[in-house]
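# Fold and contact review
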Amino acid sequence: MTTPYSFFIFLCRRFISKGAAISLILLMLTGKGYCQVDSSFEQISITLITKDVGNLEIPAIIHEEQVWLPVKIFFDFLGINSNVEPGLGYIKGTFIDPNSPFAIERGNNTITYENVTNKLDVGGLIYSDNDLFLRTDYFTKLFGLECTFNFRSLSVNLHTNFELPVVREQRQTFMRQNLSKLKAEKKADTIIKNNFSAFHFGALDWQINSLQEIGGRTNTRINIDLGGMVAGGEASAYFNYNNLLPFSLKNQIYNWKYVDNQGAFFKQLSLGRIFTQSTSSLYAPLNGIQITNRPTTYRKSFGSFIISNSTEPNWIVELYVNNVLVDYTKADGSGFFTFDVPLVYGSSAIKFRYYGPWGEERTSEEIINIPYTFLPESQFEYSLTAGILSDNEKSKFTRANLNYGLNSRITIGSGIEYLSSVESGRLMPFINASVRLRAGLILSGEHTYNVATKANLSYRFAKKLQLEVNYTKYKPGQDAVKINYLEEKKAILSVPFRSKNFNGFSRFTLRRITLGDGKFTSTEILLGGVAAGINCNLTTNAFFTNTPIIYSKLSATFRLPKGIRLTPQAQYAYHEKRFDLIRSEIEKQILNKGFLNFSVERNIPARINSYILGVRYNFSFARTSFYAKQSNHTTSLLQSASGGFMYDENTGKASVNNIKNVGRSGILILPFLDYNCNGKRDNNEPDVKGLNARVAGINILRNEDESAIRVTGLEAHYKYFVDLDENSFENTSWKIKNKVIEVVAEPNHFTRIEVPVAVVGEVSGTVYIKGKADKEGIGRIIINIYNDSNQLVAKTLTEYDGYFNYLGLAPGKYSVSVDISQLAKIDMQTNTPEIQFTIQSKREGDIVDGLDLIITPIEKD
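Throughout what follows, the structure given in this document is the object of discussion.

## Quick look at the side chain of aspartate 846
- Following the sequence through the fold, aspartate 846 ends up in the loop between β61 (835-839) and β62 (847-857).
- Here the side chain of aspartate 846 touches lysine 842 through a polar contact of 3.4 Å, side chain to side chain.
- Beyond its immediate sequence surroundings of up to four residues, aspartate 846 is in contact with Val760, Gly761, Glu762, Thr838, Ile839 and Gln840.

Given below as structure tokens:
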């Protein structure tokens, strides 16, 4: 009669080894879920393969077709915070988000993550020697780290749908390089020169938004952005269409820009729609020309400046300094964001770009001119702009801006601006100066004749506390700057603060303006931060006129289990003693790259209830979204999609993606087998696969079926370094001479880099010392290798047993010999001065061995 116990033993013996079955029985009897390695579990080294980080040899436990990975080693490699208790009782840490703790407990055989405790299967967690090994399916189910084990190659391929901390650190390192802090310059083995291009089409971005009101009208907007190269310069065109508005050239943008950062007289030349700093208020596009000797690259930074602003909640904000992307962040639940802006030599134009979660993109870019302009001592910088505004009057505009560095602390400037539509004075000469009084204390001022006088004082205290005071006084009757007040006084105190359990930011703003018949005062107190996994923001605004108006807006974001995010908001009006607005939003990630969103909003004064249900999904080729809104008796639907591609004229292929392409750059890396080692591609030299390339902070796209490597998303005109790893080839005879390549990215264009992979040969042999009785190998003997022109091409030393070898010879005829001068010093001689040999041209490389050289002692009288 078969009992349940004997049947269980039969199953264990049938599907797993006897030793493992006994271990499982003992574990069940003792109530333990973890186990130690027995004879049926093999501990070996495997290769962990990651797409963006690289490869790592790590220990692993293998049983049948399952694999267990060491948690601590695995997490450390990925940059995931983890701490081990002495004795390996548990491993604790935070996963990706500092507010997402996890704990792997050996005694209870559990994993607690995001406040949810998961009981592991028997054998899911194994304790071996000095580490805890977790079965790979738990890495996938609980942490989203998809591990695929290949038994034949003894490797584990790791794939994730989110950015790992180590990848984020690489990206942040690249962004910090953008800040041009004083660091040693990386040295390249070779530099790729840019080629002049008469014309080519390179990039396209598209975006479609359509809003339908049920029973009402439909509003469809289409944006098409085109980028290419014309006459060696960057050509861009931005077309906008709205079915509710007539098509107008005034709403279209087109520009041609030529950059030569090594130019002696000018470094940038722009034609078409021009964006420029101006004293006057320009409310229409400017068509004209701009020339300057300011380079597109950064110059040494000498400090930083805290700047903060508001946009829509949870929008992504990109920060550009002088048209170079240096950082990005995500606005909090109230729309507030902050940056630590680098101050660089020359004028700094700060620009934001905004991207909404539903495919929205702000085409109007906010530009903030930092009121400080510093130049190195005795350096001169100019900028000249001229054009015609697309307004009804066809106003003519001209501006010349000149700056000069008196010394390392003082920069002075002057210039003139002309606008034909200004009635109070078309010519507006100005002077300005910036002075660094001490570390962190900057004073600047500007006076524009017949328009305004401005002054700014900024002091950066310790721990990043910053005080900024601004004063502006306008001349009565001026109409160059379109404002309705005469004087403005403003003070901003920014105080970041951080503790063990809280990271926050506070800002106090006081603004007082003088009108023609009175004064107006406003204040803002902002408190924001993250504590206990909650992102919260409290903003209080007060406006003091005849009747004070005071209200506060509170928002918070809670991260709930199962990837759910909850964001409640409320706005309270103190002057009316009531809530004006109550809103709550819940969002859940679905299908790895999608999000499901539902929100409810109540506008109390207007008595309007709104309900919004939406879904968005990011495909590899497009970002898409759809949502439906019910507001009282009105229902509306919104759909959006955006994407683009970069065209590679080298291969005739397009890299389709869902990111911004126009104005960005790419690099195409083409490795080939250089059979004759001449550094040039000949007709019989094929492509070669398997090369690993790295560009700091950049995601590299590659197809395993292709040898070509594409690098996209690069900032135009910026200098990049491409690191090539010849060790990624399986064949040790394939060598790369120039492993670090410097290239300046060209806009809307893939820069072609051909990488010759030399197929080299190997020579080996032995040097013997011959005595009276026998011969034996001798070490530390210098071996010289000559080509057929009798030129020395390589040297090597023999090992302790006389053996020598050298890998790196191009195909051709050679000779090998011992070094005669060394033999003379050690009282030796040779009867075989040289041996001839030939390295053949072969795909796998040629090997010539068995070359034996004999030396003998010189007999002395």
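Text resumes after the structure shown.
## Here's the deal with the nonpolar core
- Within the largest apolar cluster, 36 residues are counted, with the highest numbers of intra-cluster contacts made by Leu69, Phe74, Phe75, Phe102, Phe139, Phe143 and Leu145.
- Of all the elements, helix α3 (residues 71-78) adds the most residues to this core, at five residues.
- Aside from chain neighbours lying at most four places away, what touches leucine 69 is Ile46, Ile58, Ala60, Phe74, Leu132, Phe133, Leu134, Thr136, Phe139, Cys147 and Val156.
- By size, the runner-up hydrophobic cluster in this structure holds 27 residues, among which are Val711, Leu724, Ile753 and Val757.

## Brief notes about the pattern of salt bridges
- This structure, assessed with the given rule, holds 22 salt bridges.
- Residue lysine 141 pairs with aspartate 137 through a salt bridge whose shortest N-O separation is 3.9 Å. A residue pair is termed a helical-turn pair when its members lie 3 or 4 positions apart in one helix, as lysine 141 and aspartate 137 do in helix α4 (residues 136-143) at four residues.
- According to the relative accessible area criterion, lysine 141 is exposed, its value standing at 55%.
- Judged by its relative accessible area of 27%, aspartate 137 falls in the partly exposed class.
- Between aspartate 687 and arginine 681 there is a salt bridge; the shortest N-O distance is 2.1 Å.
- Classification of aspartate 687 as partly exposed rests on a relative accessible area of 42%.
- Take arginine 681: its relative accessible area is 30%, and that puts it in the partly exposed class.

## Some points on α3
- Along α3, the residues that are buried comprise Val71, Phe74, Phe75, Phe77 and Leu78. Considered in projection along α3, the buried side chains sweep an arc of 160 degrees and stay on one side of the axis.

## Quick word on the packing of aromatic side chains
- A complete count under the given rule lists 27 aromatic pairs for this structure.
- Between phenylalanine 74 and phenylalanine 139 the ring centres are 4.8 Å apart and the planes differ by 75 degrees, which places this aromatic pair in the edge-to-face class. With phenylalanine 74 in helix α3 and phenylalanine 139 in helix α4, this pair connects stretches of sequence that are 65 residues apart. For the residue pair phenylalanine 74 and phenylalanine 139, the accessibility class agrees, reading buried in each case.
- Note on phenylalanine 339 and phenylalanine 352: the rings are 6.0 Å apart at their centroids and 20 degrees apart in plane angle, and the pair reads as stacked. Residue phenylalanine 339 is located in strand β24 (residues 336-344), and its partner phenylalanine 352 is located in strand β25 (residues 346-355); the two are separated by 13 residues in the primary sequence. Phenylalanine 352 carries the same exposure label as phenylalanine 339, and that label is buried.
- One residue, lysine 92, lies across the ring of tyrosine 90, its end atom 4.5 Å from the ring centre.
- Across the ring face of tyrosine 127, the terminal group of arginine 106 is positioned such that the distance to the ring centre comes to 3.7 Å.

## Here's the deal with the sheet that holds strand β57 (residues 792-797)
- Across the sheet, which stays open at both edges, the four strands sit in the order β57-β56-β59-β61 with antiparallel pairing between neighbours. Each having just a single partner strand, β57 and β61 make up the two edges of the open sheet. On average, each strand axis in the sheet is inclined to that of its neighbour by 25 degrees, with strand direction left out of account.
- Two strands pair when backbone bridges link them, and strand β56 (residues 782-787) and strand β59 (residues 812-818) are joined in this way by five bridges, in the antiparallel orientation. Its bridge partner lying in β59, tyrosine 786 is registered against serine 815.

## Details of unusual backbone geometry
- With a phi angle near 55 degrees, arginine 607 is a residue other than glycine that sits in the positive phi range.
- Note that arginine 607 resides in the loop between β41 (594-603) and β42 (608-618).
- Here asparagine 632, not a glycine, exhibits a phi torsion of approximately 55 degrees, which is positive.
- In this structure, asparagine 632 sits in the loop between β43 (622-631) and β44 (634-648).

## Focus: a positive patch on the surface
- There is a patch of like positive charges on the surface, built from Lys473, Lys489, Arg512 and Lys519.
- In this structure, lysine 489 sits in strand β34 (residues 487-498).
- The exposure class of lysine 489 is partly exposed, given its relative accessible area of 43%.

The rules behind the values
Residues numbered from 1 in each chain as written. Predicted model: local features only at pLDDT ≥ 70, side-chain atom pairs only at ≥ 80, totals over all residues. Heavy atoms only, no water. Helix = DSSP H or I, 4+ residues; strand = E, 2+ residues; numbered from the N terminus. Polar contact = N/O pair within 3.5 Å; in protein donor to acceptor, adjacent residues only side chain to side chain. Contact = heavy atoms within 4.5 Å. Core = buried A, V, L, I, M, F, W, Y, C linked by side-chain atoms within 4.5 Å. Buried < 20%, exposed > 50% of the residue type's maximum accessible area, 1.4 Å probe, protein only. Salt bridge = Lys/Arg side-chain N within 4 Å of Asp/Glu carboxyl O. Arc of directions from axis to C-beta. Phe/Tyr/Trp six-rings, centres within 6.5 Å; stacked < 30°, edge-to-face > 60°. Lys NZ or Arg CZ within 6 Å of the ring centre and 35° of its normal. Pairing = 2+ DSSP bridges. Axes fitted to C-alpha atoms, helices over the stretch in contact; angles between N-to-C directions. Patch = residues over 30% accessible without salt bridge, like charges linked within 9 Å, V, L, I, M, F, W, Y side chains within 5 Å. Areas by Shrake-Rupley, 256 points an atom, 1.4 Å probe, with all protein chains shown as cover. Lys, Arg positive; Asp, Glu negative; His and termini not counted. Charge placed at Lys NZ, Arg CZ, Asp CG, Glu CD.

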